[in-house]
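# Notes for the structure review
Each chain, written out:
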Amino acid sequence: MKNFQHIAYRQIYNVLVIIILSLSLPSFAQQNDGKYVIRGFVEDSISHEKLSFASITLIRGGKPVKFSQSKSDGSFAIVTDGVQKGDMLQSTYLGYKKTVVPVVAGRDVVISMTEEDFALKEVVVQGARMVGNDTITVDLTRFANERDNNLKDVLKKLPGVDVAKDGQISYNGKEINRFTVEGLDMTNGRYNMLTENIKAKDVKSAEIIEHDQPIKALQKKTITDNVAMNIVLNDSVRNKYLFTLKPYLLVGNPTHVGGNANVMQIGRKRQVMYDATYNRSGDDVAANLKRFSGISNFRISAASMPQWLTAPQLSAPIDEERLRFNTSQKYAVNLVTQSKSGSESHISASYLRSVTRQTTTNTSIYDLGGTSPVTTNEDKRTKIIDDAFNMEVEHKVNNDKSYGNEHFSINANKSDGLSAFGNDISQRIRIPQVDVEGSLYRIFVLSKSQLSWRSTADYHHSVSDLFVNDDHDRLLTNLWHTAHSLDWMKSSYNFVQSYGASFDVENTNVSKGNNTIINASLSPSWTYKTEAFRIQFSPKMRYERLCRQNSTYYTIAPMVYMSKKLGSRQEMTLLGGYNRSTGGLTLYALSEYRRSYRSWYSNDGIIPVVKDAYANFSYQYRRPIVELFVRAEASYTHLWNNTASDLRIEDGNYYTTLYRQDSESDNLSTQLFLSKGFRSINLKTSLAGSYTLSKGVQYSQGNAIDYRINQYAVTPYICYSPEWCQIAYEGVFSINKSVREATNTSLFNWKQSFSVTSTIRLVDLTFSLVHYRNELQSGNTVNTLLSDAGVVWRLKKVRLSAELRNIFNKKSYAETTYSGVGTLTNSYNLRPRELMLSAQYSF
Amino acid sequence: MKRKCLLLMLAVIATFGASAQTTQTMPLGVDSLALDKINYRITYTGKAVNDTTTSPYVYTQAEMRLDIGSKVCNFYNQSNVRMQEQVKAVLLSGGDIDLRKLEPVKCMKWQYIKNYPKEGKSLYNEIAGSTNCLCEENIEVPEWQLIPDSTTSIIGYECRLAKTEFKGRTWYAWYADDIPLNEGPWKLCGLPGLILRAYDAQRQYIFDGIGLENIKGKEEMKFAYPHRAEKVSQKEIIKLKKIGIDTAALAAEGAKIYTSDGKPMDIKKWKPKVHPFNPIERDTL
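Residues numbered from 1 in each chain as written. Chains lettered and ligands numbered in written order. Predicted model: local features only at pLDDT ≥ 70, side-chain atom pairs only at ≥ 80, totals over all residues. Heavy atoms only, no water.

Each helix and strand in chain A was counted, giving three helices and 46 strands. Taking 28 Å as the expected radius of gyration for a compact globule of 843 residues, we find that chain A reaches 38 Å, considerably beyond that expectation. For chain A, the spread of C-alpha atoms along the three principal axes comes to 160 × 70 × 55 Å. Looking at chain A alone, contacts between residues at least 24 apart form 61% of all its contacts between residues at least 6 apart. A total of about 39500 Å² of accessible surface is found on chain A, and carbon and sulfur atoms cover 56% of it. A gap of 6 Å separates the mean positions of the 98 positive and 81 negative side-chain charges of chain A. (Helix = DSSP H or I, 4+ residues; strand = E, 2+ residues; numbered from the N terminus. Rg over C-alpha atoms; globule rule 2.2 N^0.38 Å. Contact = heavy atoms within 4.5 Å. Areas by Shrake-Rupley, 256 points an atom, 1.4 Å probe, with all protein chains shown as cover. Lys, Arg positive; Asp, Glu negative; His and termini not counted. Charge placed at Lys NZ, Arg CZ, Asp CG, Glu CD.)

Turning our eyes to something else, we now look at the overall build of chain B. On a plain count of helices and strands, chain B comes out with five helices and 15 strands. Looking at the 285 residues of chain B, the share that counts as buried comes to 53%. For chain B, restricting intrachain contacts to residue pairs at least 6 apart in sequence, the fraction spanning at least 24 positions comes to 61%. About 13100 Å² of surface is accessible on chain B, with carbon and sulfur atoms providing 48% of the total. (Buried < 20%, exposed > 50% of the residue type's maximum accessible area, 1.4 Å probe, protein only.)

Let's shift gears to the sheet that holds strand E7 (residues 99-102) of chain A. Residue and element names in this part refer to chain A. One open sheet holds the four strands; their spatial order is E4-E3-E6-E7, and the pairing between them is antiparallel. Across the chains shown, the open sheet's two edge strands, defined by having one partner strand only, are strand E4 (63-69) and E7. Each strand axis lies, on average, 25° off the axis of its neighbour in the sheet, ignoring direction. (Pairing = 2+ DSSP bridges. Axes fitted to C-alpha atoms, helices over the stretch in contact; angles between N-to-C directions.)

All names here are of chain A. Taken together, three strands build an open sheet; the order of strands is E11-E12-E13 and the sheet is antiparallel. The open sheet has two edge strands with one neighbour each: strand E11 (161-163) and strand E13 (174-175). Sheet topology places strand E12 (residues 169-171) next to E13; two bridges connect them, and they run antiparallel. Considered in E13, the bridge of Ser 170 is made with Glu 175.

For the rest of this paragraph, the subject is empty space enclosed by the protein. In this structure the tally under the stated criterion is five cavities of 30 Å³ or more. The space that makes up the second largest cavity amounts to roughly 90 Å³. In the lining of the second largest cavity, the residues fall into four nonpolar, three polar and four charged. (1 Å grid on protein atoms, 1.4 Å probe; cavity = no way out; pocket = protein on both sides within 12 Å on 5 of 7 lines; lining within 4 Å. Points joined across faces, edges and corners; volume = space filled by probe spheres on them. Nonpolar A, V, L, I, M, F, W, Y, C, P; charged D, E, K, R; others polar.)

Residue-level contacts link 40 residues of chain A with 42 residues of chain B. Surface buried jointly by chain A and chain B totals about 3800 Å² across both partners, of which 54% is contributed by carbon and sulfur atoms. Connecting chain A to chain B are three salt bridges. Its salt-bridge partner being A:Lys98, residue B:Asp177 comes within 3.5 Å of it at the nearest N-O pair. Viewed at the interface, chain B and chain A are joined by eleven residue pairs in polar contact (both at pLDDT 80 or more). At the level of elements, strand E3 (55-60), E4, strand E6 (88-92), strand E9 (130-132), strand E10 (135-139) and strand E26 (471-492) of chain A are the ones that each hand at least two residues to the side of chain A that touches chain B. It is E4(A) that contributes the most residues to the side of chain A that touches chain B, six residues altogether. Classifying every residue of the side of chain A that touches chain B by side-chain character gives 16 nonpolar, 14 polar and ten charged. (Buried area = accessible area lost by both parts, 1.4 Å probe. Salt bridge = Lys/Arg side-chain N within 4 Å of Asp/Glu carboxyl O. Polar contact = N/O pair within 3.5 Å; in protein donor to acceptor, adjacent residues only side chain to side chain.)

What follows deals with the pairing of strand E32 (residues 592-596) of chain A. Side chains on a regular strand alternate between the two faces of the sheet. Residue and element names in this part refer to chain A. Where E32 and strand E33 (residues 599-603) come together, four bridges link them in antiparallel fashion. Within E33, the position partnered with Ser 596 by the bridge is Ser 599. Linkage of E32 to E33, two consecutive antiparallel strands, is achieved through a turn of two residues.

Turning next to the side chain of A:Arg129. All names here are of chain A. Considering the arrangement of structural elements, one finds Arg 129 in the loop between strand E8 (109-113) and E9. Arg 129 gets classed as buried once you look at its relative accessible area, which sits at 4%. A polar side-chain atom of Arg 129 sits 2.8 Å from a polar atom in the side chain of Glu 627. With near-sequence residues (within four places) excluded, Arg 129 lies in contact with Thr 137, Val 138, Asp 139, Arg 142, Phe 143, Pro 159, Glu 627, Phe 678, Arg 679 and Asn 682.

Our focus in this paragraph is the confidence of the model for chain B. Residue and element names in this part refer to chain B. When pLDDT is averaged along chain B, the result is 79; 74% of the residues meet or exceed 70. Confidence over residues 1-29 falls short of pLDDT 50; this stretch has 69 contacts with residues more than four positions distant or in other chains. The ipTM value of the predicted complex is 0.81, and its pTM value is 0.74. (pLDDT = per-residue confidence, 0-100.)

Right, let's talk about the environment of A:Phe444 for a bit. Residue and element names in this part refer to chain A. Inspection of the secondary structure assignment puts Phe 444 in strand E24 (residues 425-445). Residues Phe 444 and Ala 217, spaced 227 residues apart in sequence, show a C-alpha to C-alpha distance of 8.4 Å. Those residues in contact with Phe 444 that sit more than four places away from it in its chain are Lys 401, Ser 449, Gln 450 and Leu 451.

Before going further, it helps to spend a moment on the packing of aromatic side chains. Applying the stated rule across the entire model yields 37 aromatic pairs over all chains. Ring geometry for A:Tyr499 against A:Trp526: centres 6.1 Å apart, planes inclined by 80°, an arrangement best described as edge-to-face. Note that A:Tyr499 is positioned in strand E27 (residues 495-510) and A:Trp526 in strand E28 (residues 513-529), a separation of 27 residues in sequence. A relative accessible area of 33% means that A:Tyr499 is categorised as partly exposed. According to the relative accessible area criterion, A:Trp526 is partly exposed, its value standing at 37%. Between B:Phe223 and B:Tyr225, the aromatic rings sit 5.6 Å apart at their centres with planes inclined by 80°, giving edge-to-face as the arrangement. Residue class for B:Tyr225 comes out partly exposed when judged on its relative accessible area of 24%. (Phe/Tyr/Trp six-rings, centres within 6.5 Å; stacked < 30°, edge-to-face > 60°.)

All right, on to the pattern of salt bridges then. If the charged atoms of two oppositely charged side chains come close together, the side chains can form a pair. Summed over all chains, the structure comprises 51 salt bridges over all chains. One salt bridge in this structure joins A:Arg794 and A:Asp764, with 2.9 Å as the shortest N-O distance. Taken together, the residues A:Arg794 in strand E42 (residues 781-794) and A:Asp764 in strand E41 (residues 763-775) connect sequence positions 30 residues apart. By relative accessible area, which is 5% here, A:Arg794 ends up buried. Since its relative accessible area comes to 4%, A:Asp764 is described here as buried. Measuring nitrogen to oxygen at the nearest pair gives 2.7 Å for the salt bridge that ties B:Glu183 to B:Lys114.

The next subject is the pairing of strand E45 (residues 822-829) of chain A. Residues and elements named next belong to chain A. Most of E45 is tucked away: six of the eight residues are buried. In this structure, strand E21 (residues 344-366) lies alongside E45, joined through seven bridges in antiparallel fashion. When the bridges of E45 are listed, Thr 363 appears paired with Thr 825. Pairing geometry for strand E44 (residues 812-819) and E45, over eight bridges, is antiparallel. Residue pairing for E45: Ala 814 is matched across the bridge by Ser 827.

All names here are of chain A. Tracing the sequence through the fold places Met 113 in strand E8. Among the residues examined, Met 113 registers a relative accessible area of 0% and is labelled buried. Through-space distance from the C-alpha of Met 113 to that of Ser 538 is 83 Å; in sequence the pair is 425 residues apart. With residues near it in sequence (within four places) discarded, Met 113 still touches Val 42, Glu 43, Asp 44, Ser 45, Leu 51, Ser 91, Thr 92, Tyr 93, Tyr 96, Lys 97 and Thr 99.

Time to look at the layout of surface pockets. Of the pockets and cavities examined, the second largest pocket occupies roughly 1200 Å³. Going through the elements one at a time, E4 of chain A together with strand E2 (30-49), strand E3 (59-69), strand E8 (145-154) and strand E9 (157-166) of chain B are the ones with two or more residues in the lining of the second largest pocket. By residue number, the principal contributor to the lining of the second largest pocket is E4(A), which donates five residues. Class assignment for the residues of the lining of the second largest pocket results in 17 nonpolar, 14 polar and seven charged.

Omega for the peptide link from B:Ser55 to B:Pro56 comes to -5°, which places this bond in the cis form. Tracing the chain through its elements places B:Pro56 in the loop between E2 and E3. In this structure, B:Pro117 follows B:Tyr116 across a cis peptide bond, with omega equal to 10°. Summarising the element assignment, B:Pro117 is placed in the loop between strand E5 (110-114) and strand E6 (121-128). A positive phi is found at A:Asn469, a non-glycine position, where the angle reads about 50°. Mapping A:Asn469 onto the fold places it in the loop between strand E25 (449-468) and E26.

Pasting the structure below:
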């Protein structure tokens, strides 16, 4: 019995053990605390290899409730408060398809996962295109696309940045003062040479530096309001020779060929550029050599040669290439090297020859206080031949302890303009001129102060020939000039004091008359500055002696300047002062001379003296990260003159006489500039507005005619440039109001240009329209619609392009402008319809 | 008189922990180590409140990146990297750095590398005061609690919410279970999907996913290992941050400082302001 009982117990024990074991092994186990554990494992569906670190989530009613991760042997366990109908297990694992299996009570859950590649649904984050505070770094690769040919095309797209037709670059409505590539200014301020020859695909970034101080010895001591821009190139093109050939064939009248060749190497220590151009297609070849800034910012300026005659030049109220009939050639070389010690040597030389033809008509109406206005008419055909040679050499040492700059330049120019007025009058103005200039600038950093010394010496020679039919007038001018200045500056804590003394002598010999002018001045200056505020007071004292005229002038010219930073985004400046100056030699050195075939000037010996009080206020706001730039500026000048110009018009001839007459005039100018970029849609917008007021008196034969001219202008601009197209619109709307005595007239003019480019793979198709609407003095309104179309085919190293210009074959353009008491209406002949075929080969 | 000081050479040391001598042989005093190949890159907007006494909170913001490799994950401040690149470019060209001219990076200037220097370990790198700190720790995975009745969409992915108590804060995280990556910003990880949004209960720290990229191993995951870093704990990092910049140590390093008007200033007399800070890990306080 006992044995039976023992066996029975034994059997019961075994059954219990089996039950317990069987309960603990399956996928569901009820724990003592009422919790259940769901167990199982995860494996590869084909190889049955166990998968570790897979995520397993218990889904109940479609919602995740609990989760776990598989262990190294692929097993997992999820503790839950029970199993409900419809419970699912969801497994996710990188490289496998998301798998959902039902939870079956009483069984291990085996999750077999099928391999599947995983890729994120990409959302690419692009950081700001413009970042920084006082130095703004612009990622140019985010603005450039395949359509853009050169750096200028890219810069035009930058919010807050404008590139004018002539190449001038502005930032936040203000012209920049320095433009460098890889830290060096190879062209000495000739922006166009760089922006037109550097390829868009070769640029990496631009740095816009506010309060730029390029002289290292003055950095952190003398703060400027200048703005600089530096371009950084892609590593792949740095130090490499880059060749560009751009031949063209223009089908028109005459059909001809021309082109441009450029070789360039740009590095951080050495930069060189050779450029040659032959052009007859209306391009302004000289614009490529136009200097906007450079060393002239720092050294004493050379004297200006008096311009007795107005050198003939192209008059172009609209895009110059539409009315320039030219044959131009240009050769230029620029070289800059930087030594290991940091000193820079710069050599540049250029030669330009340009023959330009222009046909214009002019009607001028002058309200000179008579019974009726005086009207003159002029039909003019002009041929201008310009020759210009320039060479300059500069050496610069620029480090923390000292600054040195030696500069030498020589210019030889000749401007020769032959004009025919109707059939009876011919006029030739020929002005050859030579300018030689040498200057130096030194800064010595002493223990607690610094001393700077600047000197310049220059010589100029010109011959001004005026031929009118058989008459010949010649003015021979020689000018010697030298100037020297010494400045000492000391800064302690927040105060900076500087004292300068300068001496300047200028001798101009014209028509055997010697005119010597001696200037001496003392320039003390006191500045208080903190990180956010600056105030400067500078009462300049000047002595001026006109030896031939036996006149002496003592002038005190005080100037106050204030600058205040309002946080990191806003800044405002205020400038005010008073000055007195004598007029240029052309106004008093000769008692009488002829200026043109119908214009004479006379002076009874009086020296014009102008006193002016001026004030300027500017405010700027910029937030580069959101591509928002705002600038507002207002300037006011009040002038007191001791002379007046008497204008007399008789038989179509102009007689201007300078005589003693106290007079006053006012000029007020206000500008507003707003620019905003929208990076997500590649959109740039800007809006500029301006208002100017000129108020004064014009004298004529004893009559004093008050005049007031109000000018309002608004310029909206928008450019949308995604990869597949570019749409640009610009409008210039202006209202000019002229009030003279009881006469009140106004002109409402506008220009609207619209262009659209469609990019289809490697081909860009462009169509553009420009509409001018000009009100003329006669009361007529002239509408001029000009149109162009072009196609560009972009290959790896070649860009082939064809452009049909002036599709509607418009022949002329006319507009009316106000000038003092004059109303001038000019008409210009335009280039006819032409087909331009060109290729650009870069390697 | 209030004198605001401009740090020039200080920036070099603060950013790279380098001495002038070291610079010649080892550019900017760092070893650039390749840790892994990057497979995925997640970009977050990181927001933080430095001064918790302000009301409402004033947030500072930075672009944060999570680079995920086959083994190692790297979470870092991309805004700071960008600024360092600018500084480096200036230094290599031989110029001075004017910090005022750079876009300031005001928060989360640290880096967290997971599974480095070895699996199961992590490395945290931050400059506290004038010390470049390295903190090596075991990886801790938060214990998450899923919140079933929750759903939202973040940059194209359906996300679920989870909650945890971690490092002294209550964290909420939105994860996408369609992305089989158990990672997230900072030390937040271990959910059954990638964390695309995370914030603490007081919303003093916020990470918002804004970008997803498949890098596919085309980029190296690099770590600029600082030569002169000190190995410290999280607690010590907090202490160093409370002390602020050690001017004596900087003077010994040969650092120079200048006043706003460009004059050199005795570094020992300089008393840099200690800015309020709000550490992301509060259990070390």
